[in-house]
Amino acid sequence: TRKVGDVESLAFIGVIGAIILIPFVIKDFNLLFSTSNLLLLLVLGIVTFIMALFDFEALRQGKLSIVDVIIELELPVTIILGFIFFRETLSSIQLLIISFVFIGIVLVATKSFSHWKTKLEKGVLLAFFAAIGMGIVNFLTASSSRQISPLMAVWFPWVIFSIMCLVYIWRREGFSRFIKNSIKFKGIVLAMGIFDTLAWLFYALAVLKNEISITTAITESYPAIALFLGFWLNKEKINWHQWLGAGIALGASFALAFLS
């Protein structure tokens, strides 16, 4: 996003992922003839696009240390949706471990507690909507994976939000800079598209047979991994409470995986 832009990054992810998955989803194309399947996937693609815009705008307007924490509310939102629509239940120990995952990620995402004020910061409201949106995306991905197929749950929404991103880019400035950036930064753009697509595909496969609440709680520890990569590769300064949060989140994620 720092090299090519926010919407452009989302477009690259969608285009690369859609192309990569085409050979694997051809066998599932017949599932699109169902109106309910088509509508579910269409809604998922549109919600993903809107959620991303809320996320990007919140990060643009607000403080990263605050916005990142609020966006982590997607975990309880996803759990609540799983309880309501999938009739999922969690044991007391699972709820306790998930709470530790959430606490750990909040510590990771909080750069400094001095940033928090009693008044509403810029970007907070947008971040709140982004968190709700991400929870809905998680739920719709699980629903699409179970009702249709994990591959189609990723591929079709990718196609939808790619088209929306490309239309936005074309109307704003045309494709000249977009194409130039795809060539100039082809290595990192390709890696981003591949890893993002694989991550969502693995998530769709995971929630196919497992509880969405537990699966999402385990995957929510990814900021802890990002923290280690930022420290190692970008030489970023990490505060002690962020290291503590990363350890809590990863440890709780492993415990949740083994106990479930």
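So, a few notes on the structure that sits alongside this text. (Residues numbered from 1 in each chain as written. Predicted model: local features only at pLDDT ≥ 70, side-chain atom pairs only at ≥ 80, totals over all residues. Heavy atoms only, no water.)

A word on the packing of helix α9 (residues 186–209) against helix α10 (residues 212–219)
And step 1. Where α9 contacts α10, the two axes come as close as 8 Å, and the packing angle between them is 150°. Relative to α10, the element α9 is oriented roughly antiparallel. In terms of crossing hand, the pair formed by α9 and α10 is right-handed. Contacts between α9 and α10 pair Tyr203, Ala206 and Val207 from the former with Ile212, Thr215, Thr216 and Thr219 from the latter.
And step 2. Of the residues assigned to the contact of α9 with α10, the class counts are four nonpolar, three polar and no charged. (Axes fitted to C-alpha atoms, helices over the stretch in contact; angles between N-to-C directions. Helix = DSSP H or I, 4+ residues; strand = E, 2+ residues; numbered from the N terminus. Parallel < 35°, antiparallel > 145°, perpendicular 65-115°, else oblique. Left-handed = near helix turned anticlockwise from the far one by under 90°. Contact = heavy atoms within 4.5 Å. Nonpolar A, V, L, I, M, F, W, Y, C, P; charged D, E, K, R; others polar.)

Observations regarding the packing of helix α4 (residues 74–85) against helix α6 (residues 124–147)
And step 1. Close contact between α4 and α6 brings their axes to 8 Å; oriented N to C, the two are set at 45°. Here α4 is positioned oblique relative to α6, judged by the angle of their axes. In this structure, α4 crosses over α6, and the sense of that crossing is right-handed. Here Glu74, Val77, Thr78, Leu81 and Phe85 of α4 lie close against α6, whose contacting residues are Ala131, Ile132, Met134, Gly135, Ile136, Asn138 and Phe139.
And step 2. Split into classes, the residues belonging to the contact of α4 with α6 amount to eight nonpolar, three polar and one charged.

Looking at the pattern of salt bridges
And step 1. Evaluation of the coordinates by the stated rule reveals six salt bridges.
And step 2. A salt bridge links lysine 27 to aspartate 28, with the shortest nitrogen-to-oxygen separation between them at 3.5 Å.
And step 3. With relative accessibility at 61%, the residue lysine 27 sits in the exposed group.
And step 4. The closest approach of N and O atoms between glutamate 173 and arginine 172, which form a salt bridge, is 3.4 Å.
And step 5. Residue classification places glutamate 173 among the partly exposed positions, given a relative accessible area of 37%.
And step 6. The class for arginine 172 is partly exposed, based on a relative accessible area of 41%.
And step 7. Through salt bridges with shared partners, a single ionic network connects Glu8, Arg172, Glu173 and Arg177. (Salt bridge = Lys/Arg side-chain N within 4 Å of Asp/Glu carboxyl O. Buried < 20%, exposed > 50% of the residue type's maximum accessible area, 1.4 Å probe, protein only.)

Some remarks on a nonpolar patch on the surface
And step 1. Taken together, Ile20, Phe24, Leu190, Ile194, Leu198, Phe202 and Leu205 make up a surface patch of nonpolar side chains, about 620 Å² in accessible area.
And step 2. Mapped onto the nonpolar patch, the elements with two or more residues apiece are α1 (6–25) and α9.
And step 3. Ranked by residues supplied to the nonpolar patch, first place goes to α9 with five residues.
And step 4. Mapped onto the secondary structure, leucine 198 falls in helix α9. (Patch = residues over 30% accessible without salt bridge, like charges linked within 9 Å, V, L, I, M, F, W, Y side chains within 5 Å. Areas by Shrake-Rupley, 256 points an atom, 1.4 Å probe, with all protein chains shown as cover.)

Digging into the environment of isoleucine 238
And step 1. As for its position among the elements, isoleucine 238 is in the loop between α11 (222–233) and α12 (240–259).
And step 2. Judged by its relative accessible area of 15%, isoleucine 238 falls in the buried class.
And step 3. Note: C-alpha distance between isoleucine 238 and lysine 3 (235 residues apart in sequence) is 23 Å.
And step 4. Aside from chain neighbours lying at most four places away, what touches isoleucine 238 is Leu227, Phe231 and Trp243.

As for α10
And step 1. In terms of burial, α10 is a largely internal element, six of the eight residues being buried.
And step 2. What α10 keeps buried is the set Ile212, Ser213, Ile214, Thr215, Thr216 and Ala217.

Here's the deal with the side chain of asparagine 37
And step 1. Residue position: asparagine 37 is located in helix α2 (residues 35–61).
And step 2. A distance of 2.9 Å separates the side chain of asparagine 37 from the side chain of glutamine 147, its partner in a polar contact.
And step 3. Not counting residues up to four positions away in its chain, the partners in contact with asparagine 37 are Leu31, Gln147 and Ile148. (Polar contact = N/O pair within 3.5 Å; in protein donor to acceptor, adjacent residues only side chain to side chain.)

Looking at unusual backbone geometry
And step 1. Unlike most non-glycine residues, arginine 87 shows phi in positive territory, near 55°.
And step 2. Of note, arginine 87 is situated in the loop between α4 and α5 (92–109).
And step 3. The exposure class assigned to arginine 87 is exposed, which follows from its relative accessible area of 63%.

Topic: the packing of aromatic side chains
And step 1. This structure, assessed with the given rule, holds 13 aromatic pairs.
And step 2. With centroids separated by 5.9 Å and ring planes inclined at 40°, the aromatic side chains of phenylalanine 54 and phenylalanine 129 adopt a geometry described as tilted. Separated by 75 residues along the polypeptide, phenylalanine 54 in helix α2 and phenylalanine 129 in helix α6 bring together distant segments of the chain.
And step 3. An aromatic cluster of three or more residues is present, and its members are Trp158, Phe161, Trp200 and Tyr203.
And step 4. Sitting above the plane of the phenylalanine 86 ring, arginine 146 keeps its charged end 4.3 Å from the centroid. (Phe/Tyr/Trp six-rings, centres within 6.5 Å; stacked < 30°, edge-to-face > 60°. Lys NZ or Arg CZ within 6 Å of the ring centre and 35° of its normal.)

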